[in-house]
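This is what each chain is made of:
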Amino acid sequence: MASILRFRKVCYVEPVKCSTIGFESFEAPEIEKKDDEGLAKQKQKQKQKQKKKSSKRQPREWRCMDYCCLTVGYMCTAWWLLLFLYHCLPAALLGFQVPEPPGARLRREGLTALHPVVLVPGIVTGGLELWEGRPCSDGLFRKRLWGGSFTEIFKRPLCWLEHLTLHNETGLDPPGIRVRAVPGLVAADYFAPGYFVWAVLIENLARIGYEGKNLYMAAYDWRLSFQNTEIRDQALSRLKSKIELMYVTNGNKRVVVVPHSMGVIYFFHFLKWVESRPPMGGGGGPGWCAKHIKAIMNIGPAFLGVPKAVSNIFSAEGKDVAFIRSMAPGVLDSEILGLQTLEHVMRVCRTWDSIVSLIPKGGETIWGNLDWSPEEGDECHFAKKRYTQPSLLDNNDTNNSDGKMGFRIKEPVRYGRLISFGKATSQLPSSQLPNLGSKDFLHTKFNSFCSEVWTEYDEMSRDSIRKIAENKAYTARTFLDLLRFAAPKMMQRAEAQFSHGIADNLDDPKYAHYKYWSNPLETKLPDAPDMEIYCLYGVGLPTERSYVYKHSTTDRCNSIPFQIDSSAEGSDSDSNSNGGCLKGGVYFVDGDESVPVVSAGFMCAKGWKGRTRFNPSGMATYIREYRHKAPASLFEGRGVESGAHVDIMGNVALIEDVLRVAAGATSAEMGGDRIYSDIMRMSDRINLRL
């Protein structure tokens, strides 16, 4: 047995491995094996420690972009949470009682659908969808680019902007891109998920019997000039055909038209177009409106334009953007994030001719000059402002302080200065300001410093930009001269579509051109004495009227050289500072947050009242104002008594007025005028030949 064991030991050969020196045996002494095992265990422990360290999140320095994304995430989460709670929690929670929908109450009173109803949306509230696009838009065919969830802004922002931009010379589609209005009631029922526009009114109309056969949404591409909606899409022709069809299929009942915001002047353009001769007009003849239309109920009408359009075109701003700039300087500009947000917005918006339609109309006669404005003596403390019961008599007494609480201005606010460079310039007597003439807009402005032109500011010399801002103030008249100088290509294209003056002689053949048809001061109402016009708008909210600007000192290309001076503030203790009217570089007046009272109400209060040269048939006009009342609680949503420009679409009183007229109520049954603001006093101050 021992010999066998010795033989096995001799014959057993360990395998060898090849090394750089020679062959080595894998068999090692026991001491070396123990050392190798120890090293292996140490390596395993080290690997485990490294894994534990790598599994722990390493702290890193946060960038500004991270904070912005976090803020947006919190805001979106909070919004969806509040929306979830609003729809899921019991309605009677915390004592809140859901008011009965006006449609249900009126149906119980016996009101039913009578006259067909046509809804006309305003600017930006209608959805737009893609029909043809660039390669970057793959997968978006017939998907919404505007309205809805707006997800494409975050996925491919530059591609999204490119497809919303119109051709800079024609004002129509760029080659290879077709974006069209979403058809049907869904075009503007909701602007975004949970944010209604027409949805509440549509629902209440349905409660008294309205449906697809007698209710129609006249959707159109709100970016285009009004005549171009006909040239490209035949939108006006389709609206004419639809009204004629609804008239015939509903027992020859005349139509009630309900336009909103810019849709008001779009439909006003239609009134002249439909009776004009082809090819410029629709060929309906002089009696078409009298035959087919019962009433026009204008909601938040921008008849005479809005000052918001001034700041949008001039610097792509408004009070909200100016506030963001003051709270987070540079975030919207390129210095920190490189976003150049406002530059992109201006680049796109200046291709939309519709914005030019909202520039204030009527010049200094309507909006005031350097020393005068129709809002002189208006109150500024809207939080303290309390309206009396509606009465025309109270409006004529400018010294009556019993009905209205708050602060009367000792030094009048010079609202006529739509743009003032510097707070002092907005308050100085006109004798101390430089006179602006045509020669001020004739000097050379070409600048070859910028290799790529984004906006027409990039084509201006620095000297020209500086001269624009040197202690100057611009009125509604001189602002147009300023735009013709600073944005000549945009104005040349847009002024072929719109006019902003006052007609001396409405019988002049030149006013047969379509560019005058959306201006109530350059167009007659149709010969339809039985038709009614209502001006329905909110009051009691601070509304932008004029702006204090400053010159941006940057010499960077592709930048906007002007911005609202958010540091300009009023002071109650200083009578010369105009008190609470000036806040964040913006002067405020009474209105619905978007449209001042003078623009929304003047035509119904004076311009069309009775037989005037603008209303030769004496068509009846009525004013219905709605006092703003903020929501009592979170569960009231955006409020059932809101007077805000869009939120008023859910105002119970306004919905009831629309439903009653659609159901056949007369003006006497409606109660005639209902006025809370100073529109009558403002109208009396406007010296317009009627």
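Cut-off values and rules
Residues numbered from 1 in each chain as written. Predicted model: local features only at pLDDT ≥ 70, side-chain atom pairs only at ≥ 80, totals over all residues. Heavy atoms only, no water. Helix = DSSP H or I, 4+ residues; strand = E, 2+ residues; numbered from the N terminus. pLDDT = per-residue confidence, 0-100. Contact = heavy atoms within 4.5 Å. Axes fitted to C-alpha atoms, helices over the stretch in contact; angles between N-to-C directions. Parallel < 35°, antiparallel > 145°, perpendicular 65-115°, else oblique. Left-handed = near helix turned anticlockwise from the far one by under 90°. Nonpolar A, V, L, I, M, F, W, Y, C, P; charged D, E, K, R; others polar. Disulfide = S-S within 2.5 Å. Buried < 20%, exposed > 50% of the residue type's maximum accessible area, 1.4 Å probe, protein only.

The next point concerns unusual backbone geometry. The omega torsion across Pro278 and Pro279 is 5 degrees, close enough to zero to call that bond cis. Residue Arg142 is not a glycine yet carries a positive backbone phi of 60 degrees. Note on placement: Arg142 falls in the loop between strand S4 (128–132) and strand S5 (144–146). Phi at Glu593 takes a positive value of approximately 85 degrees, unusual for a residue other than glycine. Among the structural elements, Glu593 can be located in the loop between strand S18 (586–591) and helix H21 (597–607).

Turning to the confidence of the model for the protein chain, a few remarks are in order. Of all residues in the protein chain, 74% have pLDDT values of 70 or greater, and the mean over the chain is 82. Confidence drops under a pLDDT of 50 for residues 1–34, and excluding neighbours within four residues, the segment shows 15 contacts in the predicted structure. Note on residues 573–578: pLDDT is under 50 here. Beyond four places in sequence and across chains, it has 16 contacts.

The packing of two helices is summarised by the inter-axis angle and the distance between the axes. Interhelical geometry of helix H7 (residues 199–207) versus helix H22 (residues 652–662) gives an angle of 45 degrees and a closest axis separation of 10 Å. In terms of their interaxial angle, H7 and H22 are classed as oblique. Seen along the crossing, H7 lies across H22 with a hand that is right-handed. Mapping the contact onto sequence places Val200, Leu201, Asn204 and Leu205 in H7 and Ile655, Val658 and Leu659 in H22. Of the residues belonging to the contact of H7 with H22, the class tally is six nonpolar, one polar and no charged.

Let us now look at the state of the cysteines. Scanning the model with the defined rule gives two disulfides in all. Disulfide pairing places Cys136 opposite Cys159 at an S-S distance of 2.1 Å. Between Cys136 and Cys159 the sulfur-sulfur dihedral comes to about 80 degrees; the bridge is accordingly right-handed. Note that Cys136 is positioned in the loop between S4 and S5 and Cys159 in helix H6 (residues 157–164), a separation of 23 residues in sequence. Note on Cys159: relative accessible area 9%, which makes it buried. The partner cysteine of Cys535 in its disulfide is Cys604, sulfur to sulfur 2.0 Å. Every disulfide takes its handedness from the sign of the S-S torsion; for Cys535 and Cys604 that torsion is 70 degrees, giving right-handed. Of the two residues, Cys535 sits in strand S14 (residues 532–539) while Cys604 sits in helix H21, which places them 69 residues apart along the sequence. Take Cys535 and Cys604: they sit in the same class, and that class is buried.

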